[in-house]
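Structural overview for review
What follows is the residue order along each chain.
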Amino acid sequence: MATDVGGVTTDSATATVTDTAGATAAGSTTAVGATAATTAGVTVRNLHRSFNRSGGVLNGLDLDIAPGEFVALIGRSGSGKSTLLRALAGLDRDVEGYGRISVPRQVSVVFQDSRLLPWRRLLANVTFGLEGKDAAERGRRALTEVGLAGRERAWPGELSGGQQQRAALARSLVREPQLLLADEPFGALDALTRLQMHALLRKLCAVHKPAVLLVTHDVDEAIVLADRVILLDEGVVGTDVRVDLEERSQADPGFAALRRQLLDALGATGEHLGSDFIAPGTRRAS
Ligand SMILES: Nc1ncnc2c1ncn2[C@@H]1O[C@H](COP(=O)(O)OP(=O)(O)OP(=O)(O)O)[C@@H](O)[C@H]1O
């Protein structure tokens, strides 16, 4: 399994994680414990993770994501969202138990900060680690797709936060991932830029069709972007709802009902808003 993390490709076929992808070119399997299988989408079975001096963070979690499906992952602060994402990215060497993780061969990860290398120009960032004579051309195309044509020679420090996240998306998508893992990628952006990034991500996903797992605190963002919203609770998938709206906006009558259902599941409605919850549409303090 090749995972692109900020332009650096890692291979999880080491340590406690076993890559058995040789069986098929379509996907790879990270086997934790005894079981192994191969999928083009994501399959997680009975995943456990705990850290020193704390109880289980993931407690026998099961999850399926179909090829090309967009899943948003919500949950209270500390519920294990990033822990799950890191396990899927192959970044956690210590997932334990007799669970199983199957992910596609090519996985890309984007984070809240762009992780662009400040000493490389934009095109060099996007193509970093990319092989083949057409790498530069592919990089230029990707920058054009995210609206950064003409900025190939810019330094990351010359870009706004939104532009840096666009570049991070270009760097991920130029590798044509079958799975895109995104950990609050728009969490540090202002509301308007965030809306623009939503439109861009939806457009890019329609073209490239990766499966997506998006971690977000913003229920509205989850509803606007995802095919399915899942809620992590007590280390397993609690709520799992399909987003079936005519229109991906608050104008759709089903939007408010779905939002309320998810907020209820989060225990975050009415006067019981937790301090760790970010109200829909507002910016997360980091
Ligand atoms: N490397 C680590 N060492 C010890 N504990 C950790 C480590 N990583 C995560 N944890 C703990 O695991 C729990 C889940 O953390 P995680 O970051 O996955 O939550 P989260 O749902 O992503 O939270 P947030 O929404 O605040 O980002 C927390 O209690 C956290 O303190």
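A brief report on the enclosed structure follows. Bear in mind the structure is a predicted one, so any value in this text is a computation, not a measurement. (Residues numbered from 1 in each chain as written. Predicted model: local features only at pLDDT ≥ 70, side-chain atom pairs only at ≥ 80, totals over all residues.)

Turning to the site of the ligand, a few remarks are in order. Around the ligand, the structure places 11 residues, and the nearest of them are Phe51, Ser77, Lys81, Ser82 and Thr83. The element contributing the most residues to the shell around the ligand is helix H1 (residues 81–89), with 3 residues. Residues that form the shell around the ligand fall into these classes: 2 nonpolar, 8 polar and 1 charged. (Near = placed C-beta within 6 Å. Helix = DSSP H or I, 4+ residues; strand = E, 2+ residues; numbered from the N terminus. Nonpolar A, V, L, I, M, F, W, Y, C, P; charged D, E, K, R; others polar.)

Okay, helix H4 (residues 161–173) next. Across its 13 residues, H4 extends 18 Å between first and last C-alpha, which sits within 8% of the 18 Å expected from 1.5 Å per residue. Of all 13 residues that make up H4, 11 are buried, and the element is covered over most of its length. (Expected span 1.5 Å × (residues − 1). Buried ≥ 20, exposed ≤ 12 C-beta atoms within 10 Å, placed from the backbone.)

On to the nonpolar core, then. Formed by 67 residues in total, the largest nonpolar core has its most connected members in Leu88, Ala170 and Leu181. Among residues more than four places away in sequence, those in contact with Leu181 are Leu85, Leu88, Ala89, Val107, Val109 and Leu213. (Core = buried A, V, L, I, M, F, W, Y, C linked by C-beta atoms within 7 Å. Contact = placed C-beta atoms within 7 Å.)

Tracing the backbone shows Ala182 in strand E10 (residues 179–183). Counting along the chain gives 56 residues from Ala182 to Gly238, while the straight-line C-alpha distance between them is 20 Å. What Ala182 contacts, discounting residues up to four positions off in sequence, is Val110, Val212, Leu214 and Val215.

Bringing the environment of Glu234 into the picture now. Examined against the element boundaries, Glu234 turns out to sit in the loop between strand E12 (228–233) and strand E13 (236–242). For Glu234 and Asp134, which are 100 residues apart along the polypeptide, the C-alpha to C-alpha distance reads 47 Å.

Take unusual backbone geometry next. Residues other than glycine predominantly adopt negative phi, and peptide bonds predominantly adopt the trans conformation. Its identity is not glycine, yet Arg115 carries a phi of approximately 55 degrees, on the positive side. As for its placement among the helices and strands, Arg115 is situated in the loop between strand E9 (106–110) and helix H2 (122–126).

Our next topic: the pairing of E12. Pairing analysis gives 4 bridges linking strand E7 (residues 70–74) to E12, with the strands arranged parallel. Counterpart to Val71 in the pairing with E12 is Arg228. Both E12 and E13 contribute to a ladder of 5 bridges, which runs antiparallel. Counterpart to Leu232 in the pairing with E13 is Val237. Hairpin remark: E12 followed by E13, antiparallel, with 2 residues in the connecting loop; positive phi at Glu234, about 55 degrees. (Pairing = 2+ DSSP bridges.)

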